[in-house]
Amino acid sequence: AKAAGKDQATLYDVALRVEQAERMRLLERLRESVDAGEFAVHYQPIVSLDDDRPVAVEALVRWTPPGRPPISPDRFIPAAEDSGLIVVLGEWVLRQACADAVAWHRRWGTTLTVNVSPRQLVDPQFTTKALAALRDSGLPPQALTLEITEGVLVKAGPEAHQALLHLSALRSEGVRVAIDDFGTGYSSLAYLRDLPIDVLKIDRSFMPSDNTDTQQAALVRAIVDLAAGLGLTTVAEGVETADHADLLRDLGCERGQGYHFARPIPAAHLTALLADTDTD
Ligand code: C2E
Ligand code: CA
Ligand code: CA
Ligand code: CA
């Protein structure tokens with residue numbers, strides 16, 4: 001039994017080392033790729049559920065190494081976060097997205113929402129960088145929402161404090177703050193009242209699998225009501241079917257995002273899509 005245990009431990013160590021080596025290689029390629037300009041920002045419409053019109057877009061980064069298929073952010077964002085490289089990548093995404101979105105905002109009033117990682121929010125320069133991205137692009141602060149996950153703000157300590165200072169400073173300039181993947185964390189509800197936030201994005205795991213799934217619908221209803229009571233805007237993620245959209249509309253959810261409306265697409269396609277849905 002002892003020998004078997006030792007073998008297992010060894011196997012585990014090897015597996016871990018292989019994984020670490022792979023992570024290191026990925027990271028090395030990632031670092032070179034930021035320099036080489038191998039990233040692109042795609043945009044997914046967020047629609048008003050009243051009339052299915054796009055009112056905002058979420059910026060979603062794509063890694064596009066030449067001659068290879070694009071690599072999903074789920075595969076490289078964690079490594080970029082661990083290494084701190086996300087600070088550089090995130091700033092690049094924010095600047096690129098503001099630069100792309102300014103034309104959409106001027107023409108159609110479309111607003112922009114950008115994901116911000118916890119590592120970016122402990123960077124003492126974050127507020128300065130975000131305001132510079134806005135100023136350099138000409139996008140008004142009121143047209144930008146930053147998406148953060150609930151974990152960042154609810155942990156006590158200097159990091160959460162720094163994050164709060166950034167968000168409060170940016171909000172006083174007119175930038176809005178959204179809680180991403182709402183409902184997947186462990187935090188208490190009191191923070192919704194106390195924290196500097198404007199929008200709740202209901203995680204896609206709350207979308208019912210079908211019309212008989214009344215428990216999921218009850219949860220979505222509870223979140224929408226809670227948000228409304230607190231004066232927050234709700235956005236449902238993962239709207240994949242017309243049934244989802246109907247349900248959300250019935251529950252009073254204001255906005256939806258998902259494959260039912262549109263997938264994330266390159267900037268040029270998004271311009272065409274907005275021009276297409278523009279009837280005047
Ligand atoms: P997220 O912020 O929750 O973004 C939504 C994800 O759901 C996107 O995946 C989007 O393509 C996908 N999605 C949209 N509609 C649907 C739908 O109807 N059904 C399903 N099943 N999925 C849908 P994506 O683009 O692969 O991004 C994955 C995650 O990577 C994002 O999740 C976000 O956490 C992270 N991420 C992406 N871009 C950035 C970035 O610029 N900075 C940071 N820090 N994180 C990013
Ligand atoms: Ca997001
Ligand atoms: Ca999300
Ligand atoms: Ca997510």
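Residues numbered from 1 in each chain as written. Chains lettered and ligands numbered in written order. Predicted model: local features only at pLDDT ≥ 70, side-chain atom pairs only at ≥ 80, totals over all residues. Heavy atoms only, no water.

## So, the overall build of the protein chain
- Along its length, the protein chain carries eleven helices and nine strands.
- The C-alpha radius of gyration computed for the protein chain amounts to 20 Å, which stays within 12% of the reference 19 Å derived for 280 residues, consistent with globular compactness.
- Its C-alpha atoms give the protein chain principal-axis dimensions of roughly 70 × 45 × 40 Å.
- Looking at the protein chain as a whole, 44% of its 280 residues qualify as buried. (Helix = DSSP H or I, 4+ residues; strand = E, 2+ residues; numbered from the N terminus. Rg over C-alpha atoms; globule rule 2.2 N^0.38 Å. Buried < 20%, exposed > 50% of the residue type's maximum accessible area, 1.4 Å probe, protein only.)

## A closer look at the coordination of the calcium ion (ligand 3)
- All of the protein donors around the calcium ion (ligand 3) are D180 (OD), D181 (OD), E237 (OE) and E237 (OE); their distances to the metal are 2.2 to 2.6 Å.
- Written as a sequence motif, the donor residues of the calcium ion (ligand 3) are D-D-x55-E.
- For D180, a relative accessible area of 9% gives the class buried. (Donors = N, O, S within 2.8 Å, 3.2 Å for Na, K, Ca; no water.)

## Things to note about the pairing of strand β5 (residues 176-182)
- Most of β5 is tucked away, with five of its seven residues classed as buried.
- Here strand β4 (residues 144-149) runs beside β5; their pairing, made up of five bridges, is parallel. Bridge pairing in β5 links T149 to D180.
- Here β5 runs beside strand β6 (residues 199-202); their pairing, made up of three bridges, is parallel. (Pairing = 2+ DSSP bridges.)

## Describing helix α7 (residues 158-172)
- A rise of 1.5 Å per residue sets the reference length of α7, with its 15 residues, at 21 Å; its end C-alpha atoms lie 21 Å apart and thus fit the reference within 8%.
- Within α7, the full set of buried residues consists of A160, A163, H166, L167 and L170. All buried residues of α7 lie within an arc of 125° about the axis, which places them on one face of the element. Opposite its buried face, α7 presents the exposed residues P158 and S172, each directed more than 90 degrees away.
- G174, located one to two residues past α7, shows a positive phi value of around 110°. (Expected span 1.5 Å × (residues − 1). Arc of directions from axis to C-beta.)

## Re the coordination of the calcium ion (ligand 4)
- The calcium ion (ligand 4) binds to the protein through D181 (OD) and D181 (OD); the donor distances cover 2.9 to 3.1 Å.
- Here the calcium ion (ligand 4) and the calcium ion (ligand 3) are spaced 3.9 Å apart, linked through D181, which binds each one.
- Tracing the backbone through its elements, the reader meets D181 in strand β5.

## As for the packing of aromatic side chains
- Considering all chains together, one arrives at four aromatic pairs under this definition.
- Each ring, one from F39 and one from F76, has its centre 5.6 Å from the other, and the planes form 65°; the classification is edge-to-face. Placement of the pair is F39 in strand β1 (residues 39-48) and F76 in helix α2 (residues 73-83), with a sequence separation of 37 residues. Judged on exposure class, the residue F39 and its partner F76 are both buried.
- Taken together, a centroid distance of 4.9 Å and an interplanar angle of 80° make the contact between Y43 and W104 edge-to-face. Placement of the pair is Y43 in strand β1 and W104 in helix α3 (residues 86-108), with a sequence separation of 61 residues. Of the two residues examined, Y43 and W104, each falls in the buried class.
- Here the aromatic residues F39, W63 and F76 are joined through ring pairs into a cluster of three or more. (Phe/Tyr/Trp six-rings, centres within 6.5 Å; stacked < 30°, edge-to-face > 60°.)

## Some remarks on the packing of helix α9 (residues 214-229) against helix α10 (residues 242-251)
- Viewed as axis vectors pointing N to C, α9 and α10 meet at an angle of 45°, and their least axial separation amounts to 10 Å. When the axes of α9 and α10 are compared, the pair comes out oblique. Read as a crossing pair, α9 and α10 show a hand that is right-handed. Facing A217, V220, R221 and V224 of α9, the residues of α10 in contact are L247, L248 and L251.
- The residue inventory of the contact of α9 with α10, partitioned by class, reads six nonpolar, no polar and one charged. (Axes fitted to C-alpha atoms, helices over the stretch in contact; angles between N-to-C directions. Parallel < 35°, antiparallel > 145°, perpendicular 65-115°, else oblique. Left-handed = near helix turned anticlockwise from the far one by under 90°. Contact = heavy atoms within 4.5 Å. Nonpolar A, V, L, I, M, F, W, Y, C, P; charged D, E, K, R; others polar.)

## Digging into the pattern of salt bridges
- One pass over the full model with this rule turns up eleven salt bridges.
- Note that D198 and R171 form a salt bridge whose closest N and O atoms lie 2.9 Å from each other. With D198 in the loop between α8 (190-194) and β6 and R171 in helix α7, this residue pair connects regions lying 27 residues apart in the sequence.
- By relative accessible area, D198 is classed as buried at 15%.
- Given a relative accessible area of 32%, R171 falls into the partly exposed group.
- Measuring nitrogen to oxygen at the nearest pair gives 2.8 Å for the salt bridge that ties R193 to D194. Neither R193 nor D194 differs from the other in exposure class; each is exposed.
- It is possible to trace a salt-bridge network through shared partners that takes in E58, E147, K201 and E237. (Salt bridge = Lys/Arg side-chain N within 4 Å of Asp/Glu carboxyl O.)

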